[in-house]
Amino acid sequence: MSPERLASFVEGAQRRTEGLLFTATPTAELDAIGRWQQLGDLAFAGMCWAIVASYNRAAAEQREFVADEVGLAIGTTST
């Protein structure tokens, strides 16, 4: 295949796919999705901070129960 023919295939593929990226979801909606993800990430980081803080504040003999209590608080198991 000649370089010119290959170039025409590449250009044709680019024309067919041009504008397809992110056209299914408007930019404003993608931005909103990103902001919600950031909010979720902040909430997860805050939850991790609270878990570590509660573990560190607990007396040594109570620390074995922290995982169970945290699991109960967030509606999951301690594992």
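Report on the accompanying structure. (Residues numbered from 1 in each chain as written. Predicted model: local features only at pLDDT ≥ 70, side-chain atom pairs only at ≥ 80, totals over all residues. Heavy atoms only, no water.)

### Considerations on the overall build of the chain
Inference 1: Helix and strand content of the chain: three helices and zero strands.
Inference 2: Going residue by residue from the N terminus, the α and β elements of the chain occur as α-α-α.
Inference 3: Looking at the 79 residues of the chain, the share that counts as buried comes to 8%.
Inference 4: On the chain, roughly 6900 Å² of surface is accessible, and the fraction owed to carbon and sulfur atoms is 62%. (Helix = DSSP H or I, 4+ residues; strand = E, 2+ residues; numbered from the N terminus. Buried < 20%, exposed > 50% of the residue type's maximum accessible area, 1.4 Å probe, protein only. Areas by Shrake-Rupley, 256 points an atom, 1.4 Å probe, with all protein chains shown as cover.)

### Here we look at a nonpolar patch on the surface
Inference 1: Judged by side-chain polarity, Met1, Leu6, Phe9 and Val10 come together as a nonpolar surface patch covering roughly 430 Å² of accessible area.
Inference 2: Tracing the backbone through its elements, the reader meets Val10 in helix α1 (residues 3-17).
Inference 3: The exposure class assigned to Val10 is partly exposed, which follows from its relative accessible area of 42%. (Patch = residues over 30% accessible without salt bridge, like charges linked within 9 Å, V, L, I, M, F, W, Y side chains within 5 Å. Salt bridge = Lys/Arg side-chain N within 4 Å of Asp/Glu carboxyl O.)

### Structural notes on the packing of helix α2 (residues 27-57) against helix α3 (residues 63-74)
Inference 1: Two numbers describe how α2 lies on α3: the axes approach to 9 Å, and their chain directions differ by 150 degrees. Accordingly, the angle class assigned to the pair α2 and α3 is roughly antiparallel. Considering the relative orientation of α2 and α3, their crossing is right-handed. Every residue of α3 that contacts α2 at Met47, Ile51, Ser54, Tyr55 and Asn56 is listed here: Arg63, Val66, Val70 and Ile74. (Axes fitted to C-alpha atoms, helices over the stretch in contact; angles between N-to-C directions. Parallel < 35°, antiparallel > 145°, perpendicular 65-115°, else oblique. Left-handed = near helix turned anticlockwise from the far one by under 90°. Contact = heavy atoms within 4.5 Å.)

### Observations concerning α3
Inference 1: An ideal rise of 1.5 Å per residue puts 16 Å on twelve residues; α3 measures up with 17 Å between its terminal C-alpha atoms.
Inference 2: On its buried face, α3 sits against α2. (Expected span 1.5 Å × (residues − 1).)

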